Amino acid sequence: METTRLQARIISNKRLTGNYWNLEFSSSQIARYARPGQFVNIRVNQGTDPLLRRPISIHAVKGSKIKLIYEVVGKGTLALSERKPQETLDLIGPLGKGFNYQLPVKPQPGQNIFIAGGMGVAPLVYLAEKLNKPLVLIGARTKKQILCADEFRSLGCTLQLATDDGSLGFTGKVTDLLENILTSTIDYRLSTIYACGPHPMLRAVSLIALKHNINAQVSLEGHMACGTGACLGCVVETISGYKRVCKDGPVFSSRELIW
Amino acid sequence: MVKKMKPDLSVRIGKLVFKNPVMVASGTFGYAEEFKDFIDLKKLGAIVTKTITLKPRPGNVPPRTCETPSGMLNSIGLENPGIDKFIKEKLLPLGKLHVPIIVSIAAEDSPQEFDILVTKLDKADAVYAIELNISCPNLLKDKLISQDAQDTFALVSRVRKLTQKCLITKLSPNVTSISDIALAAQNAGSDAVALINTLGGMCIDVNKRTPKLGPWAGGLSGPAIRPVAIKMVWETYRKIRIPIIGMGGIIDTESALEFFLAGSRLISVGTANFINPQASVEILAGLMQYMIDNKISSLSGITGRLKTCKD
């Protein structure tokens, strides 16, 4: 059985920077079956408020340790940030359809382009471990919100950064950076783009990919109630009707989605 | 040695026998396949399918859900493949689960659609019972059938003539007197009533000044609505004789027991399936334990056994 509900022990739960937190738990079951782009659905506490689980994408798997990065944005993630090491975490996973990728036969650095906005770096680090040294573009509002740059570097990835306020790297949108790269070099014409971030960023990535005739896979967020495909709450409009972000995604081909 | 007592959990609706009274509610369990990794489906008393309409329905525009204090709003809008595709593709695997399958149905435009739906389902052996969903708040209608006793009576009596199968009428709490509607369903020949469907509700994003749900309003479910549901079950229990399937915010054994004591013959686990996909079987085990601990041999020992001041 790949997807299960289980009680996992929290190893650590620490603030990374600002509102971003890093949670590590132990689960050999999830470690065995997880794939980049998949998520776990966490019951943040035992009460009924917040009622629903919180879906959080898998950031890294090391042995039986699973790492997550999350942003405290509301009462659910706030409650999660209050959980302590050694406590057990009620979670369901691994869930969803992750990134579709083929292991490169011959390493070709730059064959893949990753583009992340803010928290969107989380699942892409996990994917970077599987693919050979992708070009990684990370964007955020300001320098402090650029996450995981060192993790990508230690995996040998080439990094380009963009901040809205110019406090680090290119001044402007990370999608402008993507457009510049694709326009100025022909090396990336056979690439695949893997993207995760806020919806407007993914929409821009999708348009750029279409313009340059490059395939893009985008990882979406959704308002989920169940996370397992039962409630039909988190649907997104696609060329073949509504599809569930939790079960048919969260990763979709950008051409499949109606933006 | 003390002989170990095993309580009898079986319960009847009309001519049908259910091996236990724990069902899963329509719209919260898909067509069951999403739950087979989590529980042994055979343990359930019955599975109620996602509501089926005559024609396929894409469902409502997202966002379709929104969390509320101890509850959630939904406006899924009865997304479903339509009756013909349901019978062709979903019913066969459901029939192989060896669990009573109750098919929930609704009409989109005209109540006459129920007649066609019932006639089609009447021929299907895998259908154990039919639930008439005349109380979905998410079709964006001004008035629901279950908001009028006469309309309820007319609909149920008409479809009653079309099938011998067990008919369950699902009622809306968005009414002045739910027991009057339940009585109308009983008088029209319904074998049971299921209550409550969701309560109408709305949430607003104050920054955007827009409703949080795509179709502006939806149905409230979860523990937040439980006290409302319990009161409605108790009111209805005192007025009708057909079985009540109680639901509304059942999340654990204790909340299920409240419904039995208020007069439910069976109970249905809904929103809790989203939070804990094993909730239904955990409640079943807890119910069994409660009956053993309290030396209750059958469900008649708890159904409607609420002690009130008058007693």
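Criteria and cut-off values
Residues numbered from 1 in each chain as written. Chains lettered and ligands numbered in written order. Predicted model: local features only at pLDDT ≥ 70, side-chain atom pairs only at ≥ 80, totals over all residues. Heavy atoms only, no water. Helix = DSSP H or I, 4+ residues; strand = E, 2+ residues; numbered from the N terminus. Rg over C-alpha atoms; globule rule 2.2 N^0.38 Å. Buried < 20%, exposed > 50% of the residue type's maximum accessible area, 1.4 Å probe, protein only. Contact = heavy atoms within 4.5 Å. Areas by Shrake-Rupley, 256 points an atom, 1.4 Å probe, with all protein chains shown as cover. Lys, Arg positive; Asp, Glu negative; His and termini not counted. Charge placed at Lys NZ, Arg CZ, Asp CG, Glu CD. Salt bridge = Lys/Arg side-chain N within 4 Å of Asp/Glu carboxyl O. Polar contact = N/O pair within 3.5 Å; in protein donor to acceptor, adjacent residues only side chain to side chain. Nonpolar A, V, L, I, M, F, W, Y, C, P; charged D, E, K, R; others polar. Core = buried A, V, L, I, M, F, W, Y, C linked by side-chain atoms within 4.5 Å. Axes fitted to C-alpha atoms, helices over the stretch in contact; angles between N-to-C directions. Parallel < 35°, antiparallel > 145°, perpendicular 65-115°, else oblique.

Engineer: Outline the overall build of chain A, supporting the account with residue identities and numerical values.
Structural biologist: Along the backbone of chain A there are 6 helices and 15 strands. A compact globule built from 259 residues should have a C-alpha radius of gyration of about 18 Å, and chain A, at 18 Å, falls within 12% of that. If one aligns the C-alpha atoms of chain A with their principal axes, the spans along those axes are about 55 × 40 × 35 Å. Burial statistics for chain A: of 259 residues in total, 58% are counted as buried. Across chain A, every contact between residues at least 6 apart in sequence was considered, and the portion connecting residues at least 24 apart equals 61%. A total accessible area of about 11,100 Å² is found for chain A, and carbon and sulfur atoms account for 50% of it. When the 31 positive and 19 negative side-chain charges of chain A are each reduced to one mean point, those points stand 4 Å apart.

Engineer: Describe the interface of chain A and chain B, and please don't skip the residues or the numbers.
Structural biologist: Taken together, the contact between chain A and chain B spans 25 residues of the former and 34 residues of the latter. Our count for the contact surface shared by chain A and chain B stands at 3 salt bridges. A salt bridge links B:E67 to A:R54; the nearest nitrogen and oxygen atoms lie 2.6 Å apart. For the interface between chain A and chain B, the tally reads 11 residue pairs in polar contact (both at pLDDT 80 or more). Within the residue set of the side of chain A that touches chain B, elements represented by two or more residues are β1 (4–17) and β14 (241–244) of chain A. Residues belonging to the side of chain A that touches chain B are distributed by class as follows: 12 nonpolar, 7 polar and 6 charged.

Engineer: How would you summarise the nonpolar core if you had to cite specific residues and measurements?
Structural biologist: Core analysis: the largest hydrophobic core is formed by 132 residues, its most contacted members being A:I193, B:I105 and B:L132. In terms of residue count, helix α8 (residues 279–293) of chain B provides more of this core than any other element does, 6 residues in total. Apart from residues no more than four positions distant in its own chain, B:I105 is found in contact with B:T51, B:I52, B:F114, B:L117, B:V118, B:L121, B:I130, B:E131, B:L132 and B:N133. A:V121, A:L124, A:L127 and A:L159 belong to the second-largest nonpolar core, a separate cluster that totals 27 residues.

Engineer: So what's going on with the packing of helix α5 (residues 226–237) of chain B against helix α6 (residues 253–261) of chain B? Residues and values would help.
Structural biologist: Residue and element names in this part refer to chain B. Across the interface, α5 lies against α6 with an axial gap of 8 Å and an inter-helix angle of 25°. Here α5 lies roughly parallel to α6, going by the angle between them. Mapping the contact onto sequence places R226, A229, I230, V233 and W234 in α5 and S255, E258, F259 and L261 in α6. Residues belonging to the contact of α5 with α6 are distributed by class as follows: 6 nonpolar, 1 polar and 2 charged.

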